[in-house]
Amino acid sequence: MELLDPDGGIHRELDPAHVASEVARLEAEVAPRWVWRDTREWAPVLLDAGVRVARCHDLRLCGAILASSTAVAGARPVVRDRPDWLPVGPAEGALETTVPAAASVDHGPALFEVEPEAGPERAARPSAAELVVEHDRQVALAEASDRPSAMRLLLAAESAGALIAAELHAAGLPWRRSVHERVLEEALGPRPPVGRKPARMDELAARVRRELEAPSLRLDSHADLLRALRAAGIGVDSTAKWELREHEHPAVAPLLAYKRLARLLSANGWAWLDEWVVDERFRADYVAGGTATGRWATSGGGALQLPKAVRAAVVADPGWSLVVADASQLEPRVLAALARDPAMAAAGRGRDMYRSIVDAGVVATRDEAKVALLGAMYGATTGDSGRLVPQLGRAYPRAMALVDRAARDGESGRQVTTLLGRSSPLPPPSWHAAQAAASQPDATAIDERRARSSARDWGRFTRNFVVQGTAAEWALCWLAGVRTRLTALSSAAGGPPAVASGAVFERAPHLVYFLHDELIVHTPSEMAEAVADAVRESAAEAGRLLFGEAPVEFPLDLTVSESYASAEP
DNA sequence: GTGTATGGCGCG
DNA sequence: AAAGCGCGCCATACAC
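About the cut-offs
Residues numbered from 1 in each chain as written. Chains lettered and ligands numbered in written order. Predicted model: local features only at pLDDT ≥ 70, side-chain atom pairs only at ≥ 80, totals over all residues. Heavy atoms only, no water. Helix = DSSP H or I, 4+ residues; strand = E, 2+ residues; numbered from the N terminus. Expected span 1.5 Å × (residues − 1). Buried < 20%, exposed > 50% of the residue type's maximum accessible area, 1.4 Å probe, protein only. Contact = heavy atoms within 4.5 Å. Phe/Tyr/Trp six-rings, centres within 6.5 Å; stacked < 30°, edge-to-face > 60°. Bend = angle between axes of the 7 residues up to and from the residue.

Undergrad: Can you help me understand helix α4 (residues 128-143) in this one?
TA: Every α-helical turn comprises 3.6 residues, leaving residues that sit three or four positions apart pointing alike. Helix length check: α4, at 16 residues, gives a terminal C-alpha distance of 22 Å against a target of 22 Å (1.5 Å per residue), a fit within 8%. Within the sequence span of α4, burial applies to Ala128, Leu131, Val132, Glu134, His135, Arg137, Gln138, Val139, Ala140, Leu141 and Ala142. In this structure, the buried side of α4 is in contact with β1 (33-36), β2 (55-58), α3 (59-68) and α5 (148-171).

Shown next as C-alpha cells:
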C-alpha cells in the first residue's frame, strides 16, 4: 500500500502533529514498513509527537551498504545510477555496482513521504515516485546478491538500528546529577570558579613542579612537560602514562594522578554535566552505521567512552530498574562461528572461551589465551601476543585461515566482506600511490618500505573488519530483537499505545544505551525479569539468524540493578 | 579569528 | 609490556 497526498506525495505544508497522527493510524491499521530517505529526518519528529514506528527501510544507509558490497550481483567497477538526492552513506565504499537489468520486484511496503527539515546542505527532496524507484532498485540489488536472505537481514537490521538510535536519543540515559557531582567532588574537590583548576589538580601540579624543579612548568603542554621530565633525568620519549609508569621518580605518581584528574575534568566534568545532562537524562547523538565496520559512532557527548568512574551516575528512576547486558567474548565467538572451525567452536560452547582454550591444552594460561586470540584478530606480530598467535593457529587452522585470508586480501587492495554482506572500503588513493611508487624501476628502499608498511596496515584493518563487522551484525540483530520484544511486552501489559502524547517511554520498558556488544533497558521494576528474558531470547535469536544452528553460544553477562556501576563485573 | 595535525586517553 | 583493530574528544601547537 502506498500513502501519497493529492499533490504527488509531498506533505509540504503539513502540520507535524497531523503527520504524526496519520503515521500512528497506519501503524495501528496496517503495520507498514516505512520507506524514507533518511531516518534522521523523520524519527525525531515522530518521537516528539509520541509516535513510534515498528519498521522502516532507510534508503541512505541501505544504499550505502549495497553500493559497496561485493555480495551484490554484477559487482563490477562501472557507473551506476544512484539518485543524487540520496546522500552518500557513512560506510559507502568506492566500488560501483551495476543494477541488474529488468529489476522487477514486489515492493509491498507502505511509502510515506513528507517534506524534510530542509538543511541548507541537503540535496533536493525526492518525490514519492522517486522514492519508490530507488526502493525497488535496492530491493532488486538485495535479491540479486549472493545470499538474498543475508542481505535482507542486514538491511532490515541496519534500518532498525537507525530507528533505535533515534529512540535512544529521545529516551535518554537516566542520569543522576547528584551522583555525578559527588564523584567529581570526591576526585577533584569542589567545583572551581570558571577559569580555575580544581584544588586537587592544583595541589598535584605543585608537587610535580617541585619534584621536577621546574617552578613555572605548565603540565598541560606535552612539549614543555617532556622537556622538564628529561631535564629531571626521566628517560621518556613521550608523556604517555604507560611510559611514565616505568620510571621510579617522585614526580611520576603525582603526574599520573594529575593526568587522570585532568582527563576526568575535561571529558566528563561539570561542564560536560551542564551541557549533556538535562532533566536527569543524558541524550547522546548516536550515529547508526557510523563506522566502516558497521559499528555505531556518536557525535558529541562521548557516549561510547563513558569512563567506568562516572557510570555510577546512571541510576534507574524510582520504581524502575536497569537491565544491563553484554555479550561476553563476542568477537572470538563470532570468529569461531564465521570460520566454522570445529575446534574453536567447541571452545566457544562454554561460558568462558578463554578457559576452554587453556583446557584444550593450546596455551598455558587464560591470559595467554585472551592475548593470543586478540592478537590473531588484530594482526599482532610482536610481543607476547605475536609469539602466541602461531600456537593458536596450529590448534585452530580454519579460524586462522579466515583472518589470514582477510589480511592478504587487504594487503592486495581487495575488499573483504562480513557474513551478511557489508564490505570494507577500498584503500584511499594515497595508498595506491604508495604501492605504485614502490613498483617503479627507480623506487627507493624507503618507497618500498613505506608501501609494504601501508599494505600491512591495511591488511590488519581488513583482518579485523570481517570479525568486528560480523560482530556488529550480531549486535544489531540482538538490539532489534530486544526492541521488538519490548514492544510486545508493553502492549501485553497494557502499555502505551502508538500515540502517547509525547510520553512514548513513560510507562514502558525501553532501550536507553547501546555500546557495541552491550545494552541497557530501563524498565518498571516489576517487569525486569520479563525484560531480562527478552534480552536473553534476543541474543539466542541473533545467533540463529546469523549462523543457523552453529555450535557456538553467545552467552550474556546480565544484571538487573538500580545502577550501571553496580552492574559492572 | 578559523582550520588542521598531533599526542594522549577514554571506551569496545 | 605498552604492541595489534575500531572509534570520539580534548588540549596544545601551528597553519592560514
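Undergrad: Help me out: how do you make sense of unusual backbone geometry in this one?
TA: For residues other than glycine, phi is negative in most cases, and the peptide bonds are mostly trans. Not every positive phi belongs to a glycine, and Glu213 is a case in point at roughly 50°. By the element assignment, Glu213 lies in the loop between α7 (199-212) and α8 (222-231). The backbone of Glu280 sits at a positive phi, close to 60°, despite the residue not being glycine. Structurally, Glu280 is set in the loop between β4 (277-278) and β5 (281-282).

Undergrad: Looking at this model, I keep getting lost on the packing of aromatic side chains. Mind explaining?
TA: For any pair of aromatic rings, the description rests on two quantities: the centre-to-centre distance and the angle between the ring planes. Inspection of the entire model under this criterion finds 12 aromatic pairs. Here the aromatic rings of Trp175 and Trp272 are separated by 5.2 Å at their centres, their planes lie at 55°, and the arrangement is tilted. Separated by 97 residues along the polypeptide, Trp175 in the loop between β3 (173-174) and α6 (177-188) and Trp272 in helix α11 (residues 270-276) bring together distant segments of the chain. Ring centres 5.8 Å apart and planes at 15° place the aromatic pair Phe547 and Phe554 in the stacked group.

Undergrad: Even after reading the chapter, I still don't get helix α19 (residues 445-492), so can you show me in this structure?
TA: The terminal C-alpha atoms of α19, which comprises 48 residues, lie 69 Å apart, in line with the 70 Å expected from a rise of 1.5 Å per residue. Of all bends in α19, the biggest is about 35°, found at Phe465. The positive-phi residue at the C-terminal boundary of α19 is Gly494, with phi of around 70°.

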